[in-house]
Amino acid sequence: MGGVSNAILSPLPSSDRPEVAARLREALLGAGFTADGLLELLGAPAYAALARSETVPALRATRGDSPLELLVRLFLLQQPVPHARVADVLPVGACVESGWLVRVGGDSAAEVAATVDVRPYGGLGGEDWFIVSDLGCAVGGAGGIGSRDESVVLGVGGASTTLAGITVRTPVTSALDLGTGSGIQALHAAQHATRVTATDINARALHITALTLALSGAPAADLRAGSLFEPVRDDETYDLIVSNPPFVISPGARLTYRDGGMGGDDLCRTIVQQAGERLNEGGFAQFLANWQHVEGEDWQDRLRSWVPRGCDAWIVQREVQDITQYAELWLRDAGDHRGDPAEYEARYDAWLDEFEARKVRAVGFGWITLRRTDAAEPCVTVEEWPHPVEQPLGDTVRAHFDRLDYLRANDDAALLAGHFKLAAEVIQEQVGLPGAEDPEHVVLRQHRGMRRATKVDTIGAGFAGVCDGSLSAGRILDAIAQLMGEDPVLLRDRTPAQIRLLVEQGFLEPA
C-alpha cells in the first residue's frame, strides 16, 4: 500500500472536539463521500479490489480533481492532496488543529495528509456512517499496511459486517460491545440501545471508537479500558452483549486485534461462559468465534460445554479449515508471506507445532448466540450450515428463539390444536427421475433468512402446503388421512415430530 503509512502509528485526532467532527461529517456528506458514492465513483472491480488490499485500481479511478476524488485519495488511499484544493472541500484549519489532517510537503506545506483512515459505511437502515481506523487499515485488513505495532486498529472487515448483520436489533436499555476495535458494533448498538458500553484492552481502539461515533453523528458511548469483562462492574448486566473478539488460535499473541493471548480456543470459551451472568432475562449475547476440532472429540460436544447455565444457545459452524489452511490464512493476514522467507517458515512451523501439541486437526469458524432464559431446560442447538444466507439475519435469529419458546410451551396435543402458516418464500422441489409418476423425495426450501432446505415425505409436503392459519394442524391431518386412506389416529400420533422440526427450522410459523 502506498502513501504515508509506516511502522510508527500516527498521532490520533482529538476526541474532545465534537464540533470539528460534526463539521467534517457535514463536509464529507456534502461531497458524496458515502458508501454508495464510493461504489459509483470507483466502479465494482476497483471497489472489490480494496477488500484485497489492492489500491491501484482505485488510484486510477481517482486521478481527477473532483471533491469526492480528493477525499478518497486523502482518507482511503493515504495520498497527500493539495492544501489549496482541499480547502474548498473541508474545514482544513480546524481539521489540522484538531489532528485529523497534517501539513506535509516541506516548508511550503503545500499539501495535507490524513492521520487516520476514514471509510464510508452504510448502516442497516441506510444510514451514512464513517468508520475510523489506523492508516492503511480501512481497506483489506492488516496485510501489507507496513505497521507491525501490536496496538494497530483495523477498520471494517467481513467478520465485522457479519456480526453486525446477525445481531438482534430490538430496542433495549443497555448494550455492551466487548473488544470494540474501531467501534462498528457500538455504532450499530447506539441506534437501538439507550446506553452503550464499549470496552477494549487497547486504549488506542477506545480513542478511535470515540472518533467513529462522533464522525458518524452517533451518541457517545461509555468507553472502558480492560480485558474481556474486567471493566464491567459486578452489579452490571445488559440486554445485549456483542463481541468480535481476537479469536485467532495462534502461537503467542503478536497482534492485539486478532490474537487473544490465551491457549487454543480458551479466549472464545471464556467469553461465552462468562457472558451468561452478565445478561438480563431475555437478553442476547452474540459472538463470532473460532473453535478447535480435536482428535477423538466431537466438536459439537466441545461447544455445548461452553454454554453457560440458564441460557438457550444457537451455535452455527459456517466454515472449517484444516490446520495448514488456517495457518496460511493468518500468516497472510499479517503480511508475513511478503517478508523474509526463513522467518515465514519459522512462524508456519510454530503454528503447526502448537496445533500438533494440542491434537488439533482443524479449526471451525461461526456464530454463537446466547439468550438468557428462566426455562427449566434450556435448549442448545449446535449445527453446521456452510451454505449462503441472506443478511441481515437479526430478525431470523430472534424468531429462532421465539419458536423455541413456542415449542417448549406446547406439547403434542397443543401442537395438533394449533394453527400454522407457511413461512414467506418457501418453495417445494420434487426430486426424481424424469417421467416418474412419483418423486423420490420432496424438498422444502427457504429463499429468505438461513435459506434452509429439508426433506419431507408426501404427508409433510401436503401438510405444509395447506397451512394458511385457517385450520388446526389436527384437522388438516384428518383431511389428509381421509384423502390418502390412512388411519387418522396413527397419523396424528406420528406427525407432531415432523411439525416440530418444520417449526424449529422456520418453515412453519404459529399463526
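Before reading on, note that the structure itself is shown above.
Residues numbered from 1 in each chain as written. Predicted model: local features only at pLDDT ≥ 70, side-chain atom pairs only at ≥ 80, totals over all residues. Heavy atoms only, no water.

So what's going on with the overall build of the protein chain? Residues and values would help.
Per the secondary structure count, the protein chain includes 20 helices and 19 strands. Over its C-alpha atoms the protein chain spans a radius of gyration of 26 Å, differing by no more than 12% from the 24 Å that the globule rule assigns to 511 residues. Each of the three principal axes of the protein chain carries a C-alpha extent, and together these read 95 × 55 × 50 Å. In the protein chain, which comprises 511 residues, the share counted as buried stands at 51%. A separation threshold of at least 6 residues defines the contact pool for the protein chain, and within that pool the share at least 24 residues apart is 70%. (Helix = DSSP H or I, 4+ residues; strand = E, 2+ residues; numbered from the N terminus. Rg over C-alpha atoms; globule rule 2.2 N^0.38 Å. Buried < 20%, exposed > 50% of the residue type's maximum accessible area, 1.4 Å probe, protein only. Contact = heavy atoms within 4.5 Å.)

Let's hear about the pattern of salt bridges: which residues, and what values?
Under the criterion given, the structure shown has 29 salt bridges. Residue R233 pairs with D235 through a salt bridge whose shortest N-O separation is 3.6 Å. Among the residues examined, R233 registers a relative accessible area of 47% and is labelled partly exposed. Among the charged side chains, a salt-bridge network with shared partners connects D222, R224, R233, D235 and E236. (Salt bridge = Lys/Arg side-chain N within 4 Å of Asp/Glu carboxyl O.)

Tell me about the sheet that holds strand β14 (residues 419-422), residues and numbers included.
One open sheet accounts for 3 strands, arranged β18-β14-β19; its pairing is antiparallel. Because the sheet does not close on itself, it has two edges, and the strands there are β18 (468-472) and β19 (508-510). Going from strand to strand, the sheet's axes swing by 35° on average, the running direction of each strand aside. Strand direction decides the pairing type here: β14 and β18, joined by 2 bridges, are antiparallel. Opposite K421, over in β18, you have D468 as the bridge partner. (Pairing = 2+ DSSP bridges. Axes fitted to C-alpha atoms, helices over the stretch in contact; angles between N-to-C directions.)

Tell me what's going on with the side chain of Q185, and back it up with residues and numbers.
By the element assignment, Q185 lies in helix α9 (residues 184-189). There is a polar contact of 3.0 Å between the side chain of Q185 and the backbone oxygen of S160. Apart from residues no more than four positions distant in its own chain, Q185 is found in contact with S160, L163, A164, R169, D177 and V242. (Polar contact = N/O pair within 3.5 Å; in protein donor to acceptor, adjacent residues only side chain to side chain.)

For the pairing of strand β10 (residues 279-294), give the residues involved together with the corresponding values.
Burial analysis of β10 places 13 of its 16 residues in the buried class, which makes it a mostly covered element. Alignment of strand β9 (residues 238-243) against β10, held across 5 bridges, turns out to be parallel. Within β10, the residue paired with Y238 across the bridge is L279. Bridging between β10 and strand β12 (residues 360-372) involves 11 bridges; their strand directions are antiparallel. Across the sheet, the residue bridging to N290 is F365, located in β12.

So what's going on with the side chain of H400? Residues and values would help.
By secondary structure assignment, the location of H400 is in helix α15 (residues 394-409). Look past the residues within four positions of H400 in its chain and what remains in contact with it is W314, T381 and E504.

Could you give me a rundown of helix α11 (residues 266-275), with the residues and numbers involved?
Among all positions of α11, only L267, C268, T270, I271, V272 and A275 are buried. On its buried face, α11 sits against β6 (172-178), β9, β10 and β12.

Run through the sheet that holds strand β15 (residues 426-431), naming residues and quoting values.
Strand order in this open sheet of 3 strands is β15-β16-β17, and the pairing throughout is antiparallel. A strand with exactly one partner marks an edge of an open sheet, and here the two such strands are β15 and β17 (453-456). The mean inter-strand angle of the sheet, taken between neighbouring strand axes irrespective of direction, is 30°. Relative to strand β16 (residues 441-446), β15 runs antiparallel, the two sharing 6 bridges. Considered in β16, the bridge of I427 is made with R445. Contacts from helix α17 (residues 458-466) reach β15, β16 and β17 within the one sheet, and its direction differs from that of β17 by about 120°.

Report on the nonpolar core, specifying residues and quantitative values.
Note on soluble globular proteins: their nonpolar side chains tend to be buried together. Within the largest apolar cluster, 77 residues are counted, with the highest numbers of intra-cluster contacts made by F287, I368 and L370. Ranked by residues supplied to this core, first place goes to β10 with 8 residues. With residues near it in sequence (within four places) discarded, F287 still touches L163, I241, S243, I271, V272, A275, G366, W367, I368 and L370. V72, F75, W100 and A205 belong to the second largest nonpolar core, which has 43 residues in total. (Core = buried A, V, L, I, M, F, W, Y, C linked by side-chain atoms within 4.5 Å.)

So what's going on with the packing of aromatic side chains? Residues and values would help.
Taken as a whole and assessed by the stated rule, the structure comprises 10 aromatic pairs. Ring geometry for Y406 versus F420: centroids 6.1 Å apart, planes at 90°, classification edge-to-face. In this pair, Y406 sits in helix α15 while F420 sits in strand β14, placing the two residues 14 residues apart along the sequence. Among the residues examined, Y406 registers a relative accessible area of 19% and is labelled buried. Through pairs of rings, three or more aromatic residues link up here, namely F247, Y326, W330, F355 and F365. Here the guanidinium or amino end of R452 rests over the ring plane of W385, the centre of that ring lying 5.8 Å away. (Phe/Tyr/Trp six-rings, centres within 6.5 Å; stacked < 30°, edge-to-face > 60°. Lys NZ or Arg CZ within 6 Å of the ring centre and 35° of its normal.)

Break down unusual backbone geometry for me, citing the residues and quoting the values.
Residue P392 follows Q391 across a cis peptide bond; omega there is 0°. If you trace the backbone, P392 turns up in the loop between β13 (380-384) and α15. One non-glycine residue, S53, lies in the positive phi region at around 65°. Looking at where S53 falls in the secondary structure, it is placed in the loop between α3 (44-50) and α4 (56-61).

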